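Here is what each chain is made of, one letter per residue.
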Amino acid sequence: MGKFDDNERIILNVGGTRHETYRTTLRTLPGTRLALLASDSDIESVLDHLQQVPGFIEYNARNNEYFFDRHPGVFAYVLNYYRTGKLHCPADVCGPLFEEELSFWGIDETDVEPCCWMTYRQHRDAEEALDVFEMNVDNGEDDEEIGKRLGIEDVSPNHNNVSFWKKWQPVMWNLFEDPYSSRAARR
């Protein structure tokens, strides 16, 4: 075995789906896992390095095919990023899965295109919004203090005979349905 040819095509089998591209395409994002795979190093040293990293399964010399046991649908977006320089987020994949795949391939999440950023960040925004509600209701704070902590100034504390939920229900609905209803909703 020797060095790779620059225009040589490479076959990547990701989760059972075969993808074919040029080595030069994989070099467009230096420092990533696929750029290492397409590096000028000899085949043996590349394989030795990749086999030390979890997730690389095997190289089939007969077919000249690299196998990765990863999500094939997400990989199509990853490979498209190498080809076009634009990283889009699939709408049918949850954010944490896409984030995990980007990390595996060595791609920075901040490279996600602005048109997809909200889709990509949706899971984190939901987690942050839910974290706001993880508070001890019996911690001695009155409604006004809780409203300030949530970034909601228009909660009226003078509904002493109404249950906690009845007071907060419209506020919580606005938090999720109207992104401009409060500072907490904008986060």
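Residues numbered from 1 in each chain as written. Predicted model: local features only at pLDDT ≥ 70, side-chain atom pairs only at ≥ 80, totals over all residues. Heavy atoms only, no water.

A. Local environment of helix H5 (residues 95-105). For H5, the full list of buried residues reads Gly95, Phe98, Glu101, Leu102, Phe104 and Trp105. Just downstream of H5, Gly106 is the residue with a positive phi angle, here 80°. (Buried < 20%, exposed > 50% of the residue type's maximum accessible area, 1.4 Å probe, protein only. Helix = DSSP H or I, 4+ residues; strand = E, 2+ residues; numbered from the N terminus.)

B. The pairing of strand E2 (residues 17-22), seen in detail. Here strand E1 (residues 9-14) pairs with E2 via six bridges, running antiparallel. Within E2, the residue paired with Val14 across the bridge is Thr17. The antiparallel pairing of E1 with E2 creates a hairpin that spans two residues between the two strands, and Gly15 there sits at a positive phi of about 60°. (Pairing = 2+ DSSP bridges.)

C. Up close: the side chain of Arg33. If you trace the backbone, Arg33 turns up in helix H2 (residues 33-37). Salt bridges are absent for the buried Arg33, whose nearest opposite-charge side chain, Glu101, sits at 9.1 Å. Of the polar contacts made by the side chain of Arg33, one reaches the backbone oxygen of Phe104; its length is 2.9 Å. (Lys, Arg positive; Asp, Glu negative; His and termini not counted. Salt bridge = Lys/Arg side-chain N within 4 Å of Asp/Glu carboxyl O. Polar contact = N/O pair within 3.5 Å; in protein donor to acceptor, adjacent residues only side chain to side chain.)

D. Spatial organisation of the packing of aromatic side chains. All told, the structure shown has six aromatic pairs when counted by the stated rule. Each ring, one from Phe68 and one from Phe104, has its centre 6.3 Å from the other, and the planes form 80°; the classification is edge-to-face. Pair noted here: Phe68 is in strand E4 (residues 65-68) and Phe104 is in helix H5, with a separation of 36 residues, a long-range link. The burial state of Phe68 is the same as that of Phe104; both residues are buried. Every member of this aromatic cluster is reached through a ring pair, and the members are Phe68, Phe75, Phe104 and Trp105. Just above the ring of Phe104 sits the side chain of Arg33; from NZ or CZ to the centre is 3.8 Å. The cationic tip of Arg70 hangs over the ring face of Phe104; the distance from NZ or CZ to the ring centre is 4.0 Å. (Phe/Tyr/Trp six-rings, centres within 6.5 Å; stacked < 30°, edge-to-face > 60°. Lys NZ or Arg CZ within 6 Å of the ring centre and 35° of its normal.)

E. Expanded view of the environment of Asp69. Topologically, Asp69 is positioned in the loop between E4 and helix H4 (72-84). When its relative accessible area of 52% is taken as the criterion, Asp69 is described as exposed. In this structure, the C-alpha to C-alpha distance between Asp69 and Val14, residues 55 residues apart in sequence, is 5.9 Å.

F. The arrangement of the confidence of the model for the protein in detail. Mean pLDDT over the protein: 78, with 64% of residues reaching 70 or higher. Highest mean pLDDT in the protein belongs to H4 (97); lowest belongs to helix H9 (residues 183-186) (60). (pLDDT = per-residue confidence, 0-100.)

G. Representation of the pattern of salt bridges in the model. What the rule picks out here adds up to five salt bridges. Between Arg18 and Glu65 there is a salt bridge, with its nearest N and O atoms 3.1 Å apart. Of this pair, Arg18 sits in strand E2 while Glu65 is found in strand E4, placing the two residues 47 residues apart along the sequence. Judged by relative accessible area, Glu65 falls into the buried class, the value being 10%. Three or more residues joined by partner-sharing salt bridges are found here, namely Arg70, Glu100 and Glu101.

H. Spotlight on the packing of H4 against H5. Two numbers describe how H4 lies on H5: the axes approach to 10 Å, and their chain directions differ by 50°. By the angle between their axes, H4 is oblique relative to H5. As for the relative orientation of H4 and H5, their crossing is right-handed in sense. Residues Val74, Phe75, Tyr77, Val78 and Tyr82 of H4 form the contact with H5, whose own contacting residues are Leu97, Phe98, Glu101, Leu102 and Trp105. Of the residues in the contact of H4 with H5, the class split is nine nonpolar, no polar and one charged. (Axes fitted to C-alpha atoms, helices over the stretch in contact; angles between N-to-C directions. Parallel < 35°, antiparallel > 145°, perpendicular 65-115°, else oblique. Left-handed = near helix turned anticlockwise from the far one by under 90°. Contact = heavy atoms within 4.5 Å. Nonpolar A, V, L, I, M, F, W, Y, C, P; charged D, E, K, R; others polar.)

I. Inspection of the nonpolar core at higher detail. Core analysis: the biggest nonpolar cluster contains 28 residues, and Leu12, Phe98 and Trp105 have the highest contact counts within it. If you list the elements that add at least two residues to this core, you get E1, H2, E4, H4, H5 and helix H6 (114-133). No other element matches H4, which puts six residues into this core. Excluding residues within four positions of it along the chain, Phe98 makes contact with Val74, Tyr77, Leu87, His88, Cys89, Pro90, Val93, Val112 and Tyr120. (Core = buried A, V, L, I, M, F, W, Y, C linked by side-chain atoms within 4.5 Å.)

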